[in-house]
Amino acid sequence: MSQTLTKKLVLFFPRYDCEQPIIYRLVKDHNLIVNVYRAKVTPEEEGYLVLDVTGDGQDIDNAMEFIKSCNVVVNHSGKGVSWDEHRCAHCGQCVTHCPTDALHVADPATRRIAFDEDECIECLACIKVCPFGACASAF
Ligand code: SF4
Ligand code: SF4
């Protein structure tokens, strides 16, 4: 029998074009208890949801897959900064401004950038310098 877990998540909606009622699906299809702390989502704008989900570990994993299928970026650390790999052009501009190497060159050969959310201290420097809007903050 799986353990019951609680996870804090920050969900970023680059553009809210998912027809699914996400919270309803988390409760009904994935048996999760959902506690929303903060929400700002409109049909035309970017937005975010800060929430706790409680449930079986496998149900949470399945729910994460569903959320990602809705073109929503999931930040598992519960921190307010996200990096959208689909928007990132790997220009490297943020790397020299990131004080903790949370944003770093993951592959020296291709110069591809990666984001380690556990290392992020939410200084917001990357948001100011990213020309492509790949970094965002919920707060
Ligand atoms: S918010 Fe600051 S620490 Fe976090 S990734 Fe951006 S620059 Fe790095
Ligand atoms: S500044 Fe923006 S586009 Fe450039 S590497 Fe960083 S996140 Fe990607």
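Residues numbered from 1 in each chain as written. Chains lettered and ligands numbered in written order. Predicted model: local features only at pLDDT ≥ 70, side-chain atom pairs only at ≥ 80, totals over all residues.

1. Brief notes about the pairing of strand β1 (residues 4-13)
Here β1 pairs with strand β3 (residues 47-56) via ten bridges, running antiparallel. Counterpart to K8 in the pairing with β3 is D52. Relative to strand β4 (residues 73-75), β1 is paired through three bridges, and the arrangement is antiparallel. What sits directly across from L11, in β4, is V74. (Pairing = 2+ DSSP bridges. Helix = DSSP H or I, 4+ residues; strand = E, 2+ residues; numbered from the N terminus.)

2. Some words on the site of ligand 2
Taken together, 15 residues form the shell around ligand 2, and within it C88, C91, C94, C130 and A134 come nearest. When the residues that make up the shell around ligand 2 are grouped by side-chain class, the tally is twelve nonpolar, three polar and no charged. (Near = placed C-beta within 6 Å. Nonpolar A, V, L, I, M, F, W, Y, C, P; charged D, E, K, R; others polar.)

3. What about unusual backbone geometry?
The phi torsion of most residues other than glycine is negative, and most of the peptide bonds are trans. Even without a glycine there, the phi angle at H90 is positive, about 60°. Position of H90 relative to the elements: it lies in the loop between β5 (81-83) and β6 (103-107). Judged by local crowding, H90 falls into the partly exposed class, with 17 C-beta atoms found within 10 Å. Despite not being glycine, E122 shows a phi value in the positive range, around 60°. (Buried ≥ 20, exposed ≤ 12 C-beta atoms within 10 Å, placed from the backbone.)

4. As for the confidence of the model for the chain
On average, residues of the chain carry a pLDDT of 87, and 90% of them reach 70 or more. Model confidence for the chain, summarised as mean pLDDT per element, is weakest for β4 at 82 and strongest for strand β7 (residues 112-115) at 97. (pLDDT = per-residue confidence, 0-100.)

5. A few points about the site of ligand 1
C98, A102, C120, C123 and C126 are the nearest of the 15 residues found near ligand 1. Taken together, the residues of the shell around ligand 1 break down into twelve nonpolar, two polar and one charged.

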